[in-house]
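# Observations on the model geometry
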Amino acid sequence: MKTEEMNESSESPPPPSRTFSSLPYDIVLNCLARVSRYHYPTLSLVSKEFQSLIASRELYATRSRIGKTERFLYICLNLTKSNPKYRWFTLPPLPNEQKLLPVPLFTYHLNSSTVSSTGSEIYIIGGLVWGNRSKKVSMFDCRSHQTRILPKMRFPRASAAAHVIDGKIYVIGGGEIRGEVYDPMTQTWEPTLLTTPLDHTTQKVYDKHGVNICVVEIDNLLCQTFVFNGKLYWRHPRGDDFGWARVKGVEQELFRNHLSYVDKSGGGRRVTVWWKSVVVFGCQGLGYSTEFDTEIWCAEISFERRGLKELWGFVEWSRKVFTCKGCDSPTDFVMDSVLVTY
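Below or above, wherever it landed, is the structure these notes cover. Remember, it's a predicted structure, so these values are computed and weren't measured experimentally.

A few words now on the overall build of the chain. Helix and strand counts for the chain come out as 7 helices and 23 strands. Here the contacts in the chain between residues at least 6 apart in sequence split such that 50% fall between residues at least 24 apart. A total of about 18,700 Å² of accessible surface is found on the chain, and carbon and sulfur atoms cover 52% of it.

What follows is the structure, encoded as structure tokens:
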């Protein structure tokens, strides 16, 4: 009798996948919906059932219903100057987990294309093909990691402005004065009378020289920020009388770094800034080294307005988020980025 009891007590508990499979489907969805998407790739390895659940539309509908959606930054990098090859990454919003994670099966990006998002879908719009503006449009689904080619635009465009209104994507400029709008429901392009690309839904715009400008809302005021000569500047979008001014307060922490790019963060009045550094390992011969690593760094900066002419920045966190072998990445290694919420 004691032997039987010992054998029963020594039995290992059932695996988590078997435990979950015994629960009602709605309870399993509710449990998974409360877990950060950052952990979904690991959870999908538990079993085929978990993999199917994590890719299901029901899971993300549940996340939305219970208010557990998250904003992830997706960013496209060019890490090789001699042979450009674009790679997409995502930056999780979790504290102390800010590191770039490669996005599988997402490699498409044309030079000078425009990136926009709605829900879990990222749209790559136009761009340059052999120096010519393109009508091409593609969509990447961040949940299923699948890319689809969409109907072409009415006009070819490069470095156009795009933003989302009521689930539709409005595209303006990029070498064509006539705007057009894409409806994901009907998958059709139609002309639009909209002529200005700047409102509260805009994530990024471009100036007349094609320079990337990040728009951020601070105290109900839209401010423009951009990187120039490695430093962070700002201005009121319609405040040309003030001109561009340096963001104050961040010089002591970031002044040694040649900033390359600025974009919105998922935390309201904040932006992320990006730069790189080259690490040299050992020397050979006449002091020359053949071993290098390129480190990609990122910092999140929150803003505070002080009067009409001053914008102060505060570094919330700053850390190395990715390392690649060699030092062949170009100075402007960030190709594009977009915030995705689902």
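The full count for this structure, using the stated rule, is 8 aromatic pairs. Considering the side-chain rings of Tyr 40 and Tyr 60, the 6.4 Å spacing of their centres and the 70 degrees angle between planes classify their relative orientation as edge-to-face. Taken together, the residues span a long stretch of sequence, with Tyr 40 in helix α4 (residues 40–43) and Tyr 60 in helix α6 (residues 57–65) at a distance of 20 residues. Overall, the relative accessible area of 4% leaves Tyr 40 in the buried class. Clustering of aromatic rings is evident, with ring pairs tying together Tyr 40, Tyr 60 and Tyr 342.

This next bit is on the sheet that holds strand β1 (residues 71–78). As summarised here, the arrangement of the 4 strands in space is β3-β2-β1-β23, forming an open sheet in which the pairing is antiparallel. Whereas interior strands pair on both sides, the edge strands pair on one side only; in this sheet they are β3 (101–102) and β23 (334–341). Here β1 runs beside strand β2 (residues 86–91); their pairing, made up of 6 bridges, is antiparallel. Along β2, the bridge assignment pairs Asn 78 with Tyr 86.

Below, the discussion takes up the sheet that holds strand β11 (residues 168–172). Ordered by their spatial adjacency, 4 strands build an open sheet running β10-β11-β12-β13, and the pairing between neighbours is antiparallel. Every interior strand has two partners, whereas the edge strands, β10 (161–165) and β13 (188–192), have only one. Taking the axes of each pair of neighbouring strands and ignoring which way they run, one obtains an average angle of 25 degrees across the sheet. Across 5 bridges, strand β12 (residues 179–183) lies against β13 in antiparallel orientation.

Rules used throughout
Residues numbered from 1 in each chain as written. Predicted model: local features only at pLDDT ≥ 70, side-chain atom pairs only at ≥ 80, totals over all residues. Heavy atoms only, no water. Helix = DSSP H or I, 4+ residues; strand = E, 2+ residues; numbered from the N terminus. Contact = heavy atoms within 4.5 Å. Areas by Shrake-Rupley, 256 points an atom, 1.4 Å probe, with all protein chains shown as cover. Phe/Tyr/Trp six-rings, centres within 6.5 Å; stacked < 30°, edge-to-face > 60°. Buried < 20%, exposed > 50% of the residue type's maximum accessible area, 1.4 Å probe, protein only. Pairing = 2+ DSSP bridges. Axes fitted to C-alpha atoms, helices over the stretch in contact; angles between N-to-C directions.

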